[in-house]
Amino acid sequence: MAVKRKNKDFNPTNCGVTHFMNKIGGKWKVLIIYAISKKCNRFSMLQRAIPHISKQMLVNQLRELEDDKIISRVIFAEIPPRVEYQITEYGKSLAPVIDVVQQWGQKDLETQRIS
C-alpha cells in the first residue's frame, strides 16, 4: 500500500512558492539533490555526504524525489546489484535555484565569520 504524503497537493491558493515547497521543501531534499548533482549518486555515498540523515529518512526522501520525477533510479544488472541515482531533465531545472541558495549561504557564512 502506497503512503500518500500529507502536504504534496496542499495548495489552496495555487501559489508557486507553496508548490515549490511541496516538491522539495523540508530539511533534506535540497541537500540530496545537490549531492546527486555533484556526482554523489549511490546510497552509501549519500549517507556519507549527509551524515545526520537516518537511513529510513534517506530512503523516503529518495522515493519522494523519484515519484516527483526529480531524480531517476538506475538499477544495473550486476552481481551484487548496483543502484545509482541521477538528476532528471526536470530536476536539472532546479539547479539555478539551488545555486542561488548555495551562493546566499556562502555569503551569509562569510558575514557571520566577520561579525
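In case you missed it, the structure is sitting above this.
The text that follows walks through the structure, step by step, so that each part is easy to find. Keep in mind that what you see is a predicted model, and the values were worked out from it rather than measured.

If you tally the helices and strands in the protein chain, you get 6 helices and 2 strands. Counting from the amino terminus, the protein chain carries its helices and strands in the arrangement α-α-α-α-β-β-α-α. With 115 residues in all, the protein chain has 29% of them scored as buried. On the protein chain, the mean spot of the 19 positive side-chain charges and the mean spot of the 11 negative ones are 4 Å from each other.

Mapped onto the secondary structure, Glu-64 falls in helix α4 (residues 55-67). A polar contact of 2.7 Å, which involves the side chain of Glu-64, links it to the side chain of Lys-29.

Counting across every chain of the model gives 0 aromatic pairs. Taking the ring centre of Phe-76 as reference, the NZ or CZ of Arg-82 above it sits at 3.8 Å.

On to helix α2 (residues 29-37), then. Within the span of α2, buried status applies to Lys-29, Ile-32, Ile-33, Ala-35 and Ile-36. The buried residues of α2 all sit within an arc of 165° when viewed along its axis, so they share a single face. Residues of α2 that are buried in the fold lie against α1 (16-24), α3 (43-49), α4, β1 (71-76), β2 (82-87) and α6 (95-114). Just past α2, the residue Lys-39 takes up positive phi, approximately 70°.

Take the environment of Asp-108 next. Tracing the chain through its elements places Asp-108 in helix α6. Each C-alpha atom, one on Asp-108 and one on Lys-27, is 18 Å from the other, the two residues being 81 residues apart in sequence.

To continue, consider the environment of Arg-73. Positionally, Arg-73 belongs in strand β1. Residues Arg-73 and Asn-41, 32 residues apart in the sequence, show an inter-C-alpha distance of 9.5 Å. Ignoring anything within four residues of it in the chain, the contact list for Arg-73 reads Glu-66, Val-83, Glu-84 and Tyr-85.

When two helices pack together, their arrangement is given by the angle between the helix axes and by the axis-to-axis distance. At a minimum axis distance of 8 Å, the contact between α1 and α2 shows a crossing angle of 70°. Judged by the inter-axis angle, α1 sits roughly perpendicular to α2. Where α1 abuts α2, its residues Asn-22, Lys-23 and Ile-24 lie against Lys-29, Val-30 and Ile-33. Tallied by class, residues from the contact of α1 with α2 come to 3 nonpolar, 1 polar and 2 charged.

Thresholds applied
- The residue count restarts for each chain, going from 1 along the sequence in the order it is written.
- Only residues with pLDDT of at least 70 get local features here, since the model is predicted, and only at 80 or more are side-chain atom pairs given and counted; chain-wide, interface and lining totals rely on the full set of residues.
- Calculation of side-chain values draws on the structure's entire complement of heavy atoms; hydrogens and water are dropped beforehand.
- Segments assigned H or I by DSSP are reported as helices when at least four residues long, segments assigned E as strands when at least two residues long, and all are numbered from the N terminus.
- Each residue is assigned to one of three classes by its accessible area relative to the maximum for its type, calculated with a 1.4 Å probe on protein chains only: buried under 20%, partly exposed between the two thresholds, exposed over 50%.
- Charge counting treats Lys and Arg as positive and Asp and Glu as negative, with His and both chain ends excluded.
- Throughout, a charge is located at the NZ atom of Lys, the CZ atom of Arg, the CG atom of Asp or the CD atom of Glu.
- In the analysis that follows, any N or O atom pair within 3.5 Å is treated as a polar contact, provided that within protein one partner can donate a hydrogen and the other can accept it, and provided that, for residues neighboring in sequence, both atoms belong to side chains.
- Classification of ring pairs uses Phe, Tyr and Trp, with its six-membered ring standing for Trp, and accepts pairs whose centres are within 6.5 Å; under 30 degrees between planes counts as stacked, over 60 as edge-to-face, and the remaining range as tilted.
- Any Lys NZ or Arg CZ that is within 6 Å of a ring centre and within 35 degrees of that ring's normal is treated as a charge sitting over the ring.
- Directions drawn from the helix axis to the C-beta atoms are what define this arc.
- What makes two residues a contact is simply this: any of their non-hydrogen atoms within 4.5 Å.
- In this analysis an axis means a line fitted to C-alpha atoms, helices contributing only their contacting stretch, and an angle means the value between N-to-C directions, from 0 to 180 degrees.
- Here is the rule for angles: anything less than 35 degrees is roughly parallel, anything more than 145 is roughly antiparallel, 65 through 115 is roughly perpendicular, and the remaining ranges are oblique.
- Note that Gly is not counted as nonpolar here; it falls among the polar residues with everything else outside the nonpolar set of Ala, Val, Leu, Ile, Met, Phe, Trp, Tyr, Cys and Pro and the charged set of Asp, Glu, Lys and Arg.

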